[in-house]
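# Descriptive analysis of the structure
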Amino acid sequence: MALNQSYDLFFIFIFNLSLLFTLLPFSFSQTVADAPSPAADTCNGVFLSYAYTSGTKLKPTDPKHQPYRFESVLTVLNNGDETLKSWRAFVGFKNDEYLVSASNAVLADGTSLPANVGNGTVFAGYPMTDLKTAIETAGDLNQIQVQVKLLGTQFGVAAPSVPLPETIHLANDGFLCPKPSLQGKSEMQVCCTKDPKFKTNVTVEDEFLPRQSGDLTIMYDVTRTYDSNYWAQVTISNHNPLGRLDNWKLSFDWMRDEFIYTMKGAYPYVVDSSDCIFGPQGQHYRDLDFGNVLNCERRPTIIDLPLTKANDTTMGMIPKCCRNGTILPPTMDPSKSSSVFQMQVFKMPPDLNRSELSPPQNWKINGTLNPNYKCGPPVRVSPSQFPDPSGLPSNTTVVASWQVVCNITRPKNASPKCCVSFSAYFNESVVPCPTCACGCPRNSANTCRANATAVLVPPEALLVPFENRTAITRAWADLKHFTVPNPMPCGDNCGVSINWHLYSDFSRGWSARITIFNWDETAFPDWFAAVQLNKATPGFQKMYSFNGTALELNGVNNTIFMQGLPGLNYIVAETDAANPQKDPRVPGKQQTVISFTKKTTPSINIAAGDGFPSKVFFNGEECALPSMLPTNSGNRKGSTTTISILIAVLVFMLVQQ
């Protein structure tokens, strides 16, 4: 009997124990994060690990570039004594990875998933941007650690090999990260510690990170908040002296099913509420008239309003709004270097209270013929303050503020949008824009040579479209005994081309002429250009048809900024000639002569190259330059004295104007 009772008690214990474990996962797994690696115990800084968990072969079968699914976990654990604000971690992917999803993080460069990350990428925390310390949380892993579960495709690494990244490290400023170590074959780890030499203006007591500087900043200020919706003001500010946006388009990702109800000062590129009507928004807001909703896309695109809407009581009446998408550099006009709009955003459960505010992520902004901007994630900063609307001498503080910093970048293999040709008084030929400077069509192999060097042309060839230059170029080549490839080199395919011509060179000064050609269908109001002359800029004196200013950029006085004078600040688009059936199209054109003195640059050698720019910009876009300079070997026949006198007379006449 005693033995039977023991068996009964044993089975009762096992049954209760199994019942307990069936109940535990529901509550326990929801609140406690996975335990960190044992190696984290020895780290007194920020511990990072990247662990490969699984992978399978994918279709199609390709022995040279076989795709494989991969799953991995990136862990960031704050073992330091200070809160890690706006954490960012770099993962050096190296197997042409294509990332499909990432939990608890976004890509710091503003790219939406899925995305190519084969050259490495930086992750930024979302929705938990800050990692607290174990001291202030009693070691709560849910507050001091974040785990990013990654899912994607990698190429070429089959089992039993493991597709680990090249490296991992913390991307926040002020940390030193050694080379990661391997933990077995499927995990790498690194402990990053504070750099004692790094100086920061952030203290432990600061609630928000300081505002950062960049080429372009976007402020997302929540001005009014209610349980189900809020009003946000978006301010786009240009800080780069050569940066610019025309017909800007702004896009971002809603992360929590938000939608735009109404706007002032800007407008969605697509007005569509169908995603709300057939989505969870329509189920929740049953009494809302979605016919008045402006946009329900997860990634909306916002455009500026025309000038005519600035005083519209419904769509305008916002300071610095409605400028047709143009944001000028502060060096040109500080009052037109920013753009502002407001929008009413509706939220979804469980965020239905006034304090639950989440900014959109993955910001991107671009223009027509402008630099490429890469934007970081929104960072919580101290609330913005605006003048009190009543006119009283006080400021009104917004509810919450986030800052997005964007910087000008040149994407890999990206083509410029403008190009430059060089010419000089001592050579009759023009060194044209480089072949395919702004890209070439894929099917050009049979009609032109994309890898051939551009052929020298006469000056008059610059006045006609490239497709009409063939006869002129061949005739000039025959006259000058130039070699012409067959087929001919492809065109530059640029919407804007600029000719820099050395006009004269005397013992006490010299001059140049710059001509801007617009081959595009779009006109350029309030245009500007800039040239960098490494040795000649200190001698700049005057422009005769443009307004020119010498700029000091990054502590170096080597840039001349120019824009059209009143009445000349508009470059028209390419138009038809007087006889379209016979004559080629005519480009929009602006031109001026620039004079320099040699008093401040006595050792300058103009003909040897000091008179040609090292960089040329148009509306903020850096243009492609020729690969060679004009030479003295093609001197014009005739009296150089007569030519010099004519040039001097022309410059004198321009000065008198």
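Looking at an unreviewed UniProt entry, one finds the protein named COBRA C-terminal domain-containing protein and attributed to Gossypium armourianum. Under the UniProt heading Subcellular location (unreviewed entry), the note attached to the protein is "Cell membrane". According to the UniProt record, the Sequence similarities (unreviewed entry) comment for the protein is "Belongs to the COBRA family."

## Regarding the overall build of the protein
In terms of regular secondary structure, the protein is built from 8 helices and 38 strands. Relative to its 657 residues, the protein shows a buried fraction of 46%. Once local pairs closer than 6 in sequence are excluded, the contacts in the protein between residues at least 24 apart make up 69%.

## Some details on the state of the cysteines
Should the sulfur atoms of two cysteines be covalently bonded, the bond is a disulfide. A full pass over the atoms with the stated rule returns 9 disulfides. In this model Cys-375 forms its disulfide with Cys-406; the gap between the sulfur atoms is 2.1 Å. Torsion about the S-S bond of the Cys-375 and Cys-406 cystine: about 105 degrees, corresponding to right-handed handedness. Of this pair, Cys-375 sits in strand S21 (residues 372-375) while Cys-406 sits in strand S25 (residues 400-409); the two residues are 31 residues apart in sequence, bridging distant segments of the chain. For Cys-375, a relative accessible area of 2% translates into the label buried.

## Brief notes about the environment of Gln-541
Residue placement: Gln-541 occurs in strand S32 (residues 540-543). Considered as a pair, Gln-541 and Ser-511 are 30 residues apart in the sequence and their alpha carbons are 9.7 Å apart. Aside from chain neighbours lying at most four places away, what touches Gln-541 is Ser-595, Phe-596 and Thr-597.

## Concerning the pairing of strand S3 (residues 88-91)
Here S3 pairs with strand S7 (residues 121-125) via 4 bridges, running antiparallel. Note that in S7 the partner of Val-91 across the bridge is Thr-121. The sheet contact formed by S3 and strand S9 (residues 168-170) spans 3 bridges and is antiparallel. Each residue of the ladder has a partner; that of Ala-89, found in S9, is Leu-170.

## Thoughts on the packing of aromatic side chains
Tallied over the full model, the rule gives 22 aromatic pairs. Ring geometry for Trp-510 versus Phe-596: centroids 4.0 Å apart, planes at 5 degrees, classification stacked. With Trp-510 in strand S29 (residues 509-518) and Phe-596 in strand S36 (residues 588-597), the pair connects residues that are 86 residues apart, well separated along the chain. One exposure class covers both Trp-510 and Phe-596, and it is buried. Each residue in the set Tyr-220, Tyr-230, Phe-252, Trp-254, Trp-363 and Trp-402 is aromatic and connected to the rest through ring pairs, giving one cluster. For the cation-ring pair, Lys-249 lies above Tyr-269, with the distance from its terminal atom to the ring centre recorded as 4.3 Å. The aromatic ring of Trp-402 is capped on one face by Arg-380, whose charged end is 4.9 Å from the ring centroid.

## Examining the sheet that holds strand S18 (residues 301-304)
Pairing within the open sheet is antiparallel, and its 4 strands lie in the order S17-S18-S15-S20. What marks the edges here is a single partner per strand, and that holds for strand S17 (266-268) and strand S20 (361-366). Taking the axes of each pair of neighbouring strands and ignoring which way they run, one obtains an average angle of 25 degrees across the sheet. By the bridge criterion, 3 bridges tie strand S15 (residues 249-253) to S18 in an arrangement that is antiparallel. By the bridge assignment, Ser-251 is partnered in S18 with Thr-301.

## Quick look at the side chain of Asn-518
Examined against the element boundaries, Asn-518 turns out to sit in strand S29. Among the residues examined, Asn-518 registers a relative accessible area of 1% and is labelled buried. At 2.9 Å, the side chain of Asn-518 and the backbone oxygen of Thr-522 are in polar contact. Excluding residues that lie within four positions of it along the chain, Asn-518 makes contacts with Gly-495, Val-496, Ala-523, Phe-524, Ile-571, Val-572, Ala-573, Glu-574, Pro-587 and Gly-588.

## Some points on the nonpolar core
Ile-498, Trp-500, Ile-516, Met-562 and Phe-618 are the most contacted members of the largest nonpolar core, which has 36 residues in total. If you list the elements that add at least two residues to this core, you get strand S26 (418-424), strand S28 (496-505), S29, strand S31 (528-532), S32, strand S34 (556-564), S36 and strand S37 (615-618). For Phe-618, the residues in contact, after removing those within four places along its chain, are Leu-369, Cys-418, Val-496, Ile-498, Ile-516, Phe-524, Trp-527, Phe-528, Ala-529, Ile-571 and Cys-623. Membership of the second largest hydrophobic core comes to 31 residues, among which are Leu-245, Trp-248, Leu-250 and Ile-365.

## What to know about helix H6 (residues 470-480)
Thr-473, Trp-476 and Ala-477 are the residues of H6 that are buried. The buried residues of H6 occupy an angular sector of 100 degrees when projected down its axis, which confines them to one face. Residues of H6 that are exposed and angled more than 90 degrees away from the buried face: Ala-471, Asp-478 and Leu-479. Of the surrounding secondary structure, the elements contacted by the buried residues of H6 are strand S27 (427-431). Positive backbone phi, approximately 60 degrees, marks His-481, located one or two places after H6.

## Thoughts on the sheet that holds S32
In any sheet, the strands associate via hydrogen bonds between backbone groups, in a parallel or an antiparallel arrangement. The sheet built from 6 strands is open, its strands ordered S27-S26-S28-S29-S36-S32 with mixed pairing. Since the sheet does not close on itself, it has two edges, and those belong to S27 and S32, each with one partner. Averaged over all adjacent pairs, the angle separating strand axes in this sheet is 20 degrees, with direction ignored. Sheet analysis places S32 next to S36, joined by 3 bridges and oriented antiparallel. By the bridge assignment for S36, Met-543 is matched with Ile-594.

Definitions and cut-offs
Residues numbered from 1 in each chain as written. Predicted model: local features only at pLDDT ≥ 70, side-chain atom pairs only at ≥ 80, totals over all residues. Heavy atoms only, no water. UniProt positions renumbered as here; feature names shortened; annotations may be inferred. Helix = DSSP H or I, 4+ residues; strand = E, 2+ residues; numbered from the N terminus. Buried < 20%, exposed > 50% of the residue type's maximum accessible area, 1.4 Å probe, protein only. Contact = heavy atoms within 4.5 Å. Disulfide = S-S within 2.5 Å. Pairing = 2+ DSSP bridges. Phe/Tyr/Trp six-rings, centres within 6.5 Å; stacked < 30°, edge-to-face > 60°. Lys NZ or Arg CZ within 6 Å of the ring centre and 35° of its normal. Axes fitted to C-alpha atoms, helices over the stretch in contact; angles between N-to-C directions. Polar contact = N/O pair within 3.5 Å; in protein donor to acceptor, adjacent residues only side chain to side chain. Core = buried A, V, L, I, M, F, W, Y, C linked by side-chain atoms within 4.5 Å. Arc of directions from axis to C-beta.

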